[in-house]
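# Overview (structure and organization)
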Amino acid sequence: MPKIVTEQVRQSMRQQIIRSAAEEFARIGFDQARMENIAERAAIGKGTVYLYFSSKETLFIEMLEEIAQRQLAKLKHSLENRLDLEAQLEVLVSTFNQLVREEPEAFQIFTSSLFGVNRRFKHEAASQRRQFLKLIEDLLKQAQTRGEIKLAVEPAALLVLNTCESLALRAEAMGFEAGYIEAQENLVVQMLLAGLSVVPTQV
């Protein structure tokens, strides 16, 4: 009798393949990556990869979506019951920093897709990141309604997203100690708040 694969097992295997693919794509880029090497990283046969993803391109696109949705879900969960902008910014800075530490290859994938060797997937990467921008825009609009800030929401959201996403990456790349960003999180939040409070609303 054929082996019965449960949905839980299928999802676990899919996650395993995506993690291995992210490591490979981050290391050498889409063009140089090979499906057999991804399969080897995942400790499965190459044919098994094709049971889950019809092509390397499909794997890359679904990997981008999986990473983005997982990160977005963590951000939304962390933001629950944070009702003022300062607390929300603290969560954004802290959670992005945690995510960068936990899965640096995921951020390398998005950076390389937007600006580097994987630019053929720029549209897909930008589409996923726009969901993060929308989340921050909504937070800023609510803060504006509460009278906490006066600002042009869209550029302010871009600034907040860029700060949160790149801060830990830059610190690591420039050789700062692992705990540096955690020690500076409050200062970063205060600087963001100061900037947001003085930007006038565009007419």
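Since this is a predicted model, take the numbers as computed values, not measurements.

About the cut-offs
Residues numbered from 1 in each chain as written. Predicted model: local features only at pLDDT ≥ 70, side-chain atom pairs only at ≥ 80, totals over all residues. Heavy atoms only, no water. 1 Å grid on protein atoms, 1.4 Å probe; cavity = no way out; pocket = protein on both sides within 12 Å on 5 of 7 lines; lining within 4 Å. Points joined across faces, edges and corners; volume = space filled by probe spheres on them. Helix = DSSP H or I, 4+ residues; strand = E, 2+ residues; numbered from the N terminus. Nonpolar A, V, L, I, M, F, W, Y, C, P; charged D, E, K, R; others polar. Patch = residues over 30% accessible without salt bridge, like charges linked within 9 Å, V, L, I, M, F, W, Y side chains within 5 Å. Areas by Shrake-Rupley, 256 points an atom, 1.4 Å probe, with all protein chains shown as cover. Salt bridge = Lys/Arg side-chain N within 4 Å of Asp/Glu carboxyl O. Phe/Tyr/Trp six-rings, centres within 6.5 Å; stacked < 30°, edge-to-face > 60°. Buried < 20%, exposed > 50% of the residue type's maximum accessible area, 1.4 Å probe, protein only. Lys NZ or Arg CZ within 6 Å of the ring centre and 35° of its normal.

## Some remarks on the layout of surface pockets
The computed volume of the largest pocket comes to approximately 860 Å³. In this structure, the largest pocket is lined by 31 residues; those nearest its centre are T111, N162, E165, S166 and L169. Where the lining of the largest pocket is concerned, the elements lending two or more residues are α5 (85-102), α6 (104-115), α7 (122-145) and α8 (153-173). The element contributing the most residues to the lining of the largest pocket is α8, with 12 residues. Grouping the constituent residues of the lining of the largest pocket by class yields 17 nonpolar, 5 polar and 9 charged.

## Digging into a nonpolar patch on the surface
A contiguous nonpolar surface patch, about 330 Å² in accessible area, is contributed by M174, F176 and Y180. On the secondary structure map, Y180 appears in helix α9 (residues 180-198).

## Quick notes on the packing of aromatic side chains
Evaluated as defined, the whole model comprises 8 aromatic pairs. When the centroid spacing of 4.9 Å and the interplanar angle of 70° are considered together, the rings of F30 and F121 count as edge-to-face. Of this pair, F30 sits in the loop between α1 (7-28) and α2 (35-41) while F121 is found in the loop between α6 and α7, placing the two residues 91 residues apart along the sequence. In this pair, the class of F30 matches that of F121, namely buried. With 6.2 Å between their ring centres and 45° between their planes, F96 and F132 make a pair best called tilted. In this pair, F96 sits in helix α5 while F132 sits in helix α7, placing the two residues 36 residues apart along the sequence. Here a set of aromatic residues connected by ring pairs shows up, and it is made of F25, F30, F60 and F121. The ring centre of F30 lies 4.5 Å from the NZ or CZ of K56, which sits over that ring.

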